[in-house]
Amino acid sequence: MNEILFMVMALLSGVALGFLFFGGLWYTVRKAFVSKTPVVWFLGSFVLRMGIVLAGFYFVMQPANWQNGLICLVGFISARFMVIRLTKAYEAKTGA
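Cut-offs applied
Every chain's residues receive numbers from 1 upward, in the order its sequence appears when written. pLDDT decides what is reported in this predicted model: residues at 70 or higher carry local features, side-chain atom pairs at 80 or more are listed and counted, and totals for whole chains, interfaces and linings draw on all residues regardless. Computation of side-chain values covers all heavy atoms of the structure but excludes hydrogens and water. pLDDT runs from 0 to 100 and stands for how confident the predictor is about each residue. The way it works is that DSSP assigns letters per residue, a run of H or I at least four long becomes a helix, a run of E at least two long becomes a strand, and they are numbered from the N terminus. We call a set of buried Ala, Val, Leu, Ile, Met, Phe, Trp, Tyr and Cys residues a nonpolar core when their side-chain atoms join them within 4.5 Å. Classification of residues uses two cut-offs on accessible area relative to the type maximum, computed with a 1.4 Å probe and protein chains only: under 20% is buried, over 50% is exposed, and between them is partly exposed. Pairs of residues are marked as contacts when any of their non-hydrogen atoms sit within 4.5 Å. Lines fitted to C-alpha atoms define the axes, with helix axes restricted to the stretch in contact, and inter-axis angles between N-to-C directions lie between 0 and 180 degrees. For classification, angles of less than 35 degrees are called roughly parallel, those exceeding 145 degrees roughly antiparallel, those between 65 and 115 degrees roughly perpendicular, and all remaining angles oblique. Charged residues are taken to be Asp, Glu, Lys and Arg, nonpolar residues to be Ala, Val, Leu, Ile, Met, Phe, Trp, Tyr, Cys and Pro, and polar residues to be all remaining types, Gly included. In this scheme, a crossing is called left-handed if the near helix is turned counterclockwise away from the far one by less than a right angle; it is called right-handed if the turn is clockwise.

Caption draft 1: Here's a closer look at the confidence of the model for the protein. Predicted confidence across the protein gives a mean pLDDT of 92, with 98% of residues reaching 70 or more. Ranking the elements of the protein by mean pLDDT puts helix 3 (residues 66-94) last, at 92, and helix 2 (residues 38-60) first, at 95.

So, in structure tokens, the structure goes:
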């Protein structure tokens, strides 16, 4: 029972990390296009997003269980498609 709970938590953690990473990327691109210093936006966002995601994967895989890391990765990648769908719907709605 505990293994299933850890797997579900790893999947949800991967989805949350994916939303944070890809949502942050979308936000960064939108802000960098209107900024006078886009390199600061891209570099700062990259370092921040990668730091959070790497720390998240590190904590998910702490019990030295590669299966939880793989499940977290599946959630991370599935969040990518969710963010793409949500941002397309937002852009179609706002005309941006």
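Caption draft 2: Seen up close, the nonpolar core. Counting 10 residues, the largest nonpolar core is built from Ala10, Leu17, Phe21, Phe22, Val53, Phe57, Val60, Cys72, Phe76 and Val83. Listing elements by their share of this core, those giving two or more residues are helix 1 (2-33), helix 2 and helix 3. Take this core: its biggest share by element is four residues, from helix 1. Excluding residues that lie within four positions of it along the chain, Val60 makes contacts with Ala10, Ser13, Asn68 and Cys72.

Caption draft 3: Here's a closer look at the packing of helix 1 against helix 2. Between helix 1 and helix 2, the shortest axis-to-axis distance is 9 Å and the interhelical angle comes to 180 degrees. For the element pair helix 1 / helix 2, the angle class is roughly antiparallel. Residue-level inspection shows Ala10, Ser13, Leu17, Leu20, Phe21, Gly24, Leu25, Tyr27, Thr28, Val29, Lys31 and Ala32 of helix 1 in contact with helix 2, the latter providing Pro38, Trp41, Phe42, Ser45, Arg49, Met50, Ile52, Val53, Gly56, Phe57 and Val60. Looking at the contact of helix 1 with helix 2 residue by residue, the classes come out as 16 nonpolar, five polar and two charged.

Caption draft 4: Representation of the side chain of Asn68. With respect to the helices and strands, Asn68 occurs in helix 3. Look past the residues within four positions of Asn68 in its chain and what remains in contact with it is Phe6, Met7, Ala10 and Val60.

Caption draft 5: Structural context of the packing of helix 1 against helix 3. Where helix 1 contacts helix 3, the two axes come as close as 6 Å, and the packing angle between them is 40 degrees. Considering their axes alone, helix 1 and helix 3 lie oblique with respect to each other. In the crossing of helix 1 with helix 3, the sense of the turn from one axis to the other is right-handed. For the contact of helix 1 with helix 3, a count of residues per class yields 19 nonpolar, eight polar and three charged.

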